[in-house]
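Below, each chain spelled out in residue letters.
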Amino acid sequence: MGVSGTGKTTVGKRVARKLHASFVEGDTLHPKANIDKMSAGHPLTDEDRAPWLAAIAAEIRRLDQDGVASVTACSALRVTYRDKLRTGYPELFFLHLQADYDTLLARMTRRKHFMPPSLLHSQFDTLEDLEPREHGAGIADVDGIDTVVAAALTALGVRRD
Ligand SMILES: Nc1ncnc2c1ncn2[C@@H]1O[C@H](COP(=O)(O)OP(=O)(O)OP(=O)(O)O)[C@@H](O)[C@H]1O
Ligand SMILES: O=C(O)[C@H](O)[C@@H](O)[C@H](O)[C@H](O)CO
C-alpha cells in the first residue's frame, strides 16, 4: 500500500519473487473508466474504487483457493479499503511504502504513466495510516530500492541469506 510512486510495483515484484509468490498488479484491475478519470486529472472517489477493490479481493481469493500465495500492489489508501481486501483474510499483511511529497512528485514527473503528478496531493489527502489493529508495517523509502526491499522482507519475517 501507499500513495502513487512509492514503489509498490517495483518492491512488490521483488518481494513476491523472494517469497515464491504470485504478483498481482492492482492497476491492471481498474475499470477503464477509472484509468480514464485519473488520466484526465480527476481523483477517484470511494464509489470509483469499490469495483476495483472487489476485483483485487477476488483475485487474491482465486489465487489462494488454488493454493498460491500472492503479493499485491494496491494503493489501499483508506482503512475501509483495506477492510475489503482483508475480508476472509484477517491476517493480511500490509506493507506501507512511505516517501515524502517532493520525492514522489519528482519521481512521477520523470516517468511516463497514466497517473498525473497533479493527483499526488489528493493521494496524500486520502491516505489513512495503518491502525494498531491492522497487520502490517511502515517502510520508509530513504536509501533506495534495495534497502526498501530488505526492510520489507524483514518486516515479513523473511530471512535474507
Ligand atoms: N525506493 C525507491 N528509490 C528510488 N526510486 C524508486 C524507489 N521505489 C520506486 N522507485 C521508482 O519510482 C518509480 C515509481 O515506482 P513504482 O511504479 O514501483 O511505484 P508505484 O507505487 O507502483 O506507483 P503507482 O501507484 O503510481 O503505480 C519507478 O520509476 C521506480 O523505479
Ligand atoms: O487509489 C487510487 O487512487 C489509485 O489506485 C491510484 O493510486 C493509482 O491507481 C495508482 O497510483 C497508479 O499510479
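It should be emphasised that the depicted structure is a prediction, and the values quoted were computed from it without experimental measurement.

### As for the nonpolar core
Part 1 of the argument: With 22 residues, the main nonpolar core has L53, I56, C74, A76 and L85 as its most contacted residues.
Part 2 of the argument: Take this core: its biggest share by element is 5 residues, from helix 3 (residues 46–65).
Part 3 of the argument: If we ignore the near neighbours within four places in the chain, the residues touching L85 are L53, I56, A57, C74, A76, L92 and F94.
Part 4 of the argument: In this structure, A16, L95, L97 and L153 belong to the second largest nonpolar core, which totals 12 residues.

### Quick notes on the packing of aromatic side chains
Part 1 of the argument: Counted under the stated rule, the structure contains 1 aromatic pair.
Part 2 of the argument: When the ring of Y101 is compared with that of F124, the centres are 6.1 Å apart and the planes differ by 50°; the resulting orientation is tilted. Here F124 lies in helix 6 (residues 120–126) and Y101 lies in helix 5 (residues 101–110), a separation of 23 residues in the sequence.
Part 3 of the argument: Exposure remark for Y101: the relative accessible area of 26% places this residue in the partly exposed category.

### Focus: the side chain of T6
Part 1 of the argument: Here T6 is to be found in the segment before helix 1 (8–19).
Part 2 of the argument: Of note is the side chain of T6, whose polar atom sits 2.7 Å from the backbone oxygen of V3.
Part 3 of the argument: Residues within four places of T6 in sequence aside, it is in contact with L97, Q98, A99, L104, R107 and D141.

### Some points on the site of ligand 1
Part 1 of the argument: In the neighbourhood of ligand 1, 15 residues make up the surrounding shell, with S4, K8, T9, T10 and R111 lying closest.
Part 2 of the argument: Between ligand 1 and the protein, one listed contact pairs an oxygen atom with a side-chain N or O atom of S4 at 2.6 Å.
Part 3 of the argument: One of the side-chain N or O atoms of T9 is found 2.9 Å from an oxygen atom in ligand 1.
Part 4 of the argument: Calculation on ligand 1 without its partners gives an accessible area of 630 Å², and the protein chains cover 76% of this total.
Part 5 of the argument: Contributions of two or more residues to the shell around ligand 1 are made by helix 1 and helix 7 (145–155).
Part 6 of the argument: If you tally residues by element for the shell around ligand 1, the top one is helix 1, at 3 residues.
Part 7 of the argument: When grouped by side-chain class, the residues that make up the shell around ligand 1 number 2 nonpolar, 8 polar and 5 charged.

Reading the values: rules and limits
- Residues numbered from 1 in each chain as written.
- Chains lettered and ligands numbered in written order.
- Predicted model: local features only at pLDDT ≥ 70, side-chain atom pairs only at ≥ 80, totals over all residues.
- Heavy atoms only, no water.
- Core = buried A, V, L, I, M, F, W, Y, C linked by side-chain atoms within 4.5 Å.
- Buried < 20%, exposed > 50% of the residue type's maximum accessible area, 1.4 Å probe, protein only.
- Helix = DSSP H or I, 4+ residues; strand = E, 2+ residues; numbered from the N terminus.
- Contact = heavy atoms within 4.5 Å.
- Phe/Tyr/Trp six-rings, centres within 6.5 Å; stacked < 30°, edge-to-face > 60°.
- Polar contact = N/O pair within 3.5 Å; in protein donor to acceptor, adjacent residues only side chain to side chain.
- Near = heavy atom within 4 Å.
- Areas by Shrake-Rupley, 256 points an atom, 1.4 Å probe, with all protein chains shown as cover.
- Nonpolar A, V, L, I, M, F, W, Y, C, P; charged D, E, K, R; others polar.

The values reported here are purely geometric and, on their own, carry no functional implication.
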